[in-house]
Amino acid sequence: MSAPSGLDLPTRSVFVTTQRDIDPDTRVLTSARSPQSRHMQIDITLPPNRPEGEVAFPFRKPDPETDMLVSDVTPFGTQRALITGIKRALSQSDEKRVQLYIHGYNNTFADGVLRTVQMAEDFDFNGVSAHYSWPSAGNALAYAFDRESIMASRSGLQDLIVALSGLTTKEFTVVAHSVGSDLLMEVLRDLAISGRRDVLDRLDGVVLISPDIDLDVFKAQATRIGKLPDPFIVIASPNDRALTVSARLTGQVSRVGSLGDSDELGAFDLLFLDVSGLSSGGDRLRHFTAASSPEAIRLIRQLSKTADALGRDAALRPGLIPGSVIRARQTTRIILGQP
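Read on for an overview of the structure. (Residues numbered from 1 in each chain as written. Predicted model: local features only at pLDDT ≥ 70, side-chain atom pairs only at ≥ 80, totals over all residues. Heavy atoms only, no water.)

## A closer look at helix α7 (residues 215-225)
Next up, step 1: Considered for burial, the residues of α7 that qualify are Leu215, Phe218, Gln221, Ala222 and Ile225. The buried residues of α7 occupy one face: seen down the axis, they fall within an arc of 125°. Exposed side of α7, more than 90 degrees from the buried face: Asp216 and Thr223 are the residues found there.
Next up, step 2: Taken together, the buried residues of α7 touch α5 (179-193), α6 (197-201), β7 (205-209) and β8 (232-236).
Next up, step 3: One side-chain oxygen of the residue at the start of α7 lies 3.1 Å from the amide nitrogen of Asp216, identifying that residue as Asp214.
Next up, step 4: Directly after α7, the chain includes Gly226, whose backbone phi takes a positive value near 85°. (Buried < 20%, exposed > 50% of the residue type's maximum accessible area, 1.4 Å probe, protein only. Helix = DSSP H or I, 4+ residues; strand = E, 2+ residues; numbered from the N terminus. Arc of directions from axis to C-beta. Contact = heavy atoms within 4.5 Å. Polar contact = N/O pair within 3.5 Å; in protein donor to acceptor, adjacent residues only side chain to side chain.)

## Topic: the pattern of salt bridges
Next up, step 1: Taken as a whole and judged by the stated rule, the model has 15 salt bridges.
Next up, step 2: Its salt-bridge partner being Asp122, residue Arg50 comes within 2.7 Å of it at the nearest N-O pair. With a gap of 72 residues between them, Arg50 in the loop between β2 (29-45) and β3 (69-76) and Asp122 in helix α2 (residues 109-122) connect regions that are remote in the sequence. You'll find Arg50 and Asp122 in the same group, each marked buried.
Next up, step 3: Between Asp182 and Arg147 there is a salt bridge, and its shortest N-O distance comes to 2.3 Å. Taken together, the residues span a long stretch of sequence, with Asp182 in helix α5 and Arg147 in helix α3 (residues 143-152) at a distance of 35 residues. (Salt bridge = Lys/Arg side-chain N within 4 Å of Asp/Glu carboxyl O.)

## Brief notes about unusual backbone geometry
Next up, step 1: Between Asp230 and the following residue, Pro231, the backbone shows a cis peptide bond with an omega angle of 5°.
Next up, step 2: Tracing the backbone shows Pro231 in the loop between α7 and β8.
Next up, step 3: If you check the backbone angles, Arg60 has positive phi at about 55° while not being a glycine.
Next up, step 4: Looking at the element boundaries, Arg60 is found in the loop between β2 and β3.
Next up, step 5: The exposure class of Arg60 is exposed, given its relative accessible area of 84%.
Next up, step 6: Not every positive phi belongs to a glycine, and Asn106 is a case in point at roughly 60°.
Next up, step 7: With respect to the helices, strands and loops of the structure, Asn106 is situated in the loop between β4 (97-102) and α2.
Next up, step 8: A relative accessible area of 27% means that Asn106 is categorised as partly exposed.

## Describing α2
Think of an α-helix as 3.6 residues a turn; residues three or four steps apart then line up on the same face.
Next up, step 1: Relative to the 20 Å expected for 14 residues at 1.5 Å per residue, α2 spans 20 Å between its end C-alpha atoms, a close match to the ideal helical length.
Next up, step 2: With 12 of its 14 residues buried, α2 lies for the most part within the structure.
Next up, step 3: Phi turns positive, to about 55°, at Asp124, one or two residues after α2. (Expected span 1.5 Å × (residues − 1).)

## What to know about the sheet that holds strand β1 (residues 11-22)
Next up, step 1: Strand order in the open sheet formed by 11 strands is β3-β2-β1-β5-β4-β6-β7-β8-β9-β11-β10, with mixed pairing between adjacent strands. Both outer strands of the open sheet, β3 and β10 (323-328), are each paired with one neighbouring strand and no more. Taken pair by pair, the neighbouring strands of this sheet meet at an average axis angle of 20°, ignoring direction.
Next up, step 2: The sheet contact formed by β4 and strand β5 (residues 128-133) spans five bridges and is parallel. (Pairing = 2+ DSSP bridges. Axes fitted to C-alpha atoms, helices over the stretch in contact; angles between N-to-C directions.)

## Regarding the nonpolar core
Next up, step 1: By size, the foremost hydrophobic cluster in this structure holds 53 residues, and its most contacted members are Ile86, Leu100, Ile102 and Phe218.
Next up, step 2: At eight residues, α5 tops the list of elements feeding residues into this core.
Next up, step 3: If near-sequence neighbours (up to four positions away) are discounted, Leu100 is found in contact with Ala130, His131, Tyr132, Leu157, Leu160, Ile161, Leu164, Phe172, Thr173, Val174 and Val175.
Next up, step 4: Of all hydrophobic cores here, the second largest spans 21 residues; its members include Ile209, Ile233, Ile235 and Ile334. (Core = buried A, V, L, I, M, F, W, Y, C linked by side-chain atoms within 4.5 Å.)

## What to know about the packing of aromatic side chains
Next up, step 1: The final tally for this structure, using the stated rule, is five aromatic pairs.
Next up, step 2: Plain terms: the ring middles of Tyr105 and Tyr143 are 5.3 Å apart, the flat faces sit at 75° to each other, and that makes the pair edge-to-face. Of the two residues, Tyr105 sits in the loop between β4 and α2 while Tyr143 sits in helix α3, which places them 38 residues apart along the sequence.
Next up, step 3: Given the relative accessible area of 8%, Tyr143 is considered buried.
Next up, step 4: An angle of 50° between the planes, with centres 6.4 Å apart, marks the rings of Phe218 and Phe232 as tilted. One end of the pair, Phe218, is in helix α7; the other, Phe232, is in strand β8, with 14 residues separating them in the sequence.
Next up, step 5: A residue is classified by how much of its surface remains accessible, and Phe218, at 0% relative accessible area, is buried.
Next up, step 6: Chaining the aromatic ring pairs together yields one cluster made of Phe218, Phe232 and Phe268.
Next up, step 7: Lying over the aromatic face of Phe145, Arg33 brings its terminal NZ or CZ to 4.2 Å of the ring centre.
Next up, step 8: Between Arg115 and the ring centre of Phe288, over which it is positioned, the NZ or CZ distance is 4.2 Å. (Phe/Tyr/Trp six-rings, centres within 6.5 Å; stacked < 30°, edge-to-face > 60°. Lys NZ or Arg CZ within 6 Å of the ring centre and 35° of its normal.)

## Quick look at the packing of α5 against α7
Next up, step 1: Contact geometry for α5 and α7: axes closest at 8 Å, N-to-C directions at 35°. Regarding α5 and α7, the two cross each other, and that crossing is left-handed. On α7, the residues that touch Asp182, Met185, Glu186, Leu188, Arg189, Ala192 and Ile193 of α5 are Phe218, Gln221, Ala222, Arg224 and Ile225.
Next up, step 2: Looking at side-chain class alone, the contact of α5 with α7 contains seven nonpolar, one polar and four charged residues. (Left-handed = near helix turned anticlockwise from the far one by under 90°. Nonpolar A, V, L, I, M, F, W, Y, C, P; charged D, E, K, R; others polar.)

Laid out in structure tokens, this is it:
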């Protein structure tokens, strides 16, 4: 999936930390768990006519006109070297923002890296993109393996978040998808328990997309965290087919990412975005509507820009946002696309 040299295509860089081990023969990152973190910068070229919401994964013969391809990889021997690289990128960035993405269930290493690039591009993020790649099996039948992998990856993600929180930035946000949301919540909970309120207070926003977390577990996690980062956004849909399967596998009916309303979360100061009424784009399972549907991308981008311009409270006034607003105690629910 490497891009030919000499091409004049737009490129995005991703700073990656992973707990995946390397196959000693092929030198390829695998789903095996490693006790040590690996760090690198990966530069990805973007095809000129990629539709919004599409991860242009290369199949068969890679083509830079249609596929996202690797143009360069820079390994870092230590986390300190990674942070130095991010500082260098921040010094060249107008926005001085860092966004960390944590992938979900059934993802290969390439899946997570390319999704990080796709979201940064489609949501007009012009800061520094980072990605944490925990060792998912990349296999739809390995749900139990993935859930155990996130438990084995908590220390690695916590170390990364602590390091990123020490950077001088205008904004540091964390986005997590599916099972990755559970991993992030566990790390935020551990930071609270260990007294690292300073790190939690450096988070300028958290977004959980289709969080595959049992409702009671989420409540316990959020209660232990205490004051949640602001904004704290949960993007959900009762039409999420992947979470329907997850509920059957775990024996727990209520997954946070498939809640039909936000009443159960009313004790927490968060923003609950309901995307069930939007087209799913190319996402058959409706598990990543927020980033795969052009309609959802457009509406979320509009909401974000309105909040940046006016502040969150002002942006939630009727007529300013692309959806209806329902308040339940501390939680604000927005049904996107609904007048």
